[in-house]
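Chain by chain, the residues run as shown.
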Amino acid sequence: MKLRFEKSSCGIYIFNFSNGESISLNDMSFREKGPLLLDVSITNRCFRGCSFCYRKAQPSGQDISLNDYIIVLDQATKCGVTQIAIGGGEPTLHPKFVEILKTTREFGIIPNYSTNGDCLTKDIIDATKNYCGAIAISIYNEIEKYESLVKLLKSSNILVNFHFILTDENLSYLISLLKSPPTWFQDLNAIIFLNFKPANGENEKLLKYANKNDLELFFKLATSFRLCSIGFDTCSYGFIKRYTTIDTSLFDYCEASRKSAYINEKLEVSPCSFYKDSGSNLHNMSLQEIWNKNPLFTGHRMQLEKCKKCPLYDID
């Protein structure tokens, strides 16, 4: 087992290179050396055409070149990045996807990726087993069709997470799912709920417009679920604090610009993938320079300073 132990101004960080698991004991400070985690879009192509896609992915689009991806990896190693979350679009559509996973691991970085699950070939599954820490499947429709895929991935000893977006519109469905889950959910590593971000408008879908009784029931069911682990993204913090009794010492805050950054297929760098503004480009500046000097990053960190003084995020 290969472990990395780092003690810095932003706390203590322990990372297991064998499986990609990490423990972070930290405060709200940022890591001056650079991000520990990168969220990298390797394509903006996807065949689903989901109306809520904040990247507006389409069947035709742009793939990152392998040479540009190696630039990302080179910059990432200089900053001490331990994990890269590969996304898109649909990342498995990239013609060099298997090579991207392999090359990431060769640079000493653990790759993970999010997918809709439509294009998981045998070669991709084998590469996932050999190189990845885990795979996340984004669920937007009937879950029944994913049962055989989950069992196939589990048989290859691949950790599988399900990602569900939390909106006012689908809360009732998620409640019914948690009440009567299929038994094969025990083959999942975790279910992660992601708070809806209205990057393209559609504010009416925000979870804050949901019925309060439904919210209470949902969080009660989620925190008592036993078939697999349950998790939430940091954008759900305010709801978790309001509707659960979970120890707040277990919470983490927004990692964007503190410990993580986003890079798109054009090599534009920003604090997270939901930023409308394009950041500096890795063709022109190093990742560490962007991290410490770009106004998107310094401005985001200034906003996060306010969180230290707030006992509860404003969700009303």
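Residues numbered from 1 in each chain as written. Predicted model: local features only at pLDDT ≥ 70, side-chain atom pairs only at ≥ 80, totals over all residues. Heavy atoms only, no water.

Tell me about the nonpolar core, residues and numbers included.
A general tendency of soluble globular proteins is for nonpolar side chains to be buried together. Ranked by size, the top nonpolar core spans 71 residues in total, and within it Leu 38, Phe 162 and Phe 218 carry the most contacts. Residue contacts for Phe 162: discarding those within four places in its chain leaves Ile 137, Ile 139, Tyr 146, Val 150, Trp 184, Phe 185, Leu 188, Ala 190, Ile 191 and Ile 192. (Core = buried A, V, L, I, M, F, W, Y, C linked by side-chain atoms within 4.5 Å. Buried < 20%, exposed > 50% of the residue type's maximum accessible area, 1.4 Å probe, protein only. Contact = heavy atoms within 4.5 Å.)

How would you explain the side chain of Asp 68 if you had to name every residue and give the values?
Tracing the chain through its elements places Asp 68 in helix H1 (residues 66-79). Although Asp 68 is buried, it makes no salt bridge; Lys 266 carries the closest opposite charge, 11 Å away. When residues no more than four places from it in sequence are discounted, the contact partners of Asp 68 are Leu 267 and His 283. (Helix = DSSP H or I, 4+ residues; strand = E, 2+ residues; numbered from the N terminus. Lys, Arg positive; Asp, Glu negative; His and termini not counted. Salt bridge = Lys/Arg side-chain N within 4 Å of Asp/Glu carboxyl O.)

Which residues make up the sheet that holds strand S9 (residues 190-195), and what values do they have?
Overall, mixed pairing links the nine strands, which are arranged S10-S9-S8-S7-S6-S5-S4-S11-S12 in an open sheet. The sheet is open, and its two edges are formed by strand S10 (229-232) and strand S12 (269-270), each paired on a single side. Note: strand S6 (residues 110-115) against strand S7 (residues 135-138), three bridges, orientation parallel. What sits directly across from Thr 115, in S7, is Ile 137. Contacts from helix H5 (residues 171-179) reach strand S8 (160-166) and S9 within the one sheet, and its direction differs from that of S8 by about 145 degrees. (Pairing = 2+ DSSP bridges. Axes fitted to C-alpha atoms, helices over the stretch in contact; angles between N-to-C directions.)

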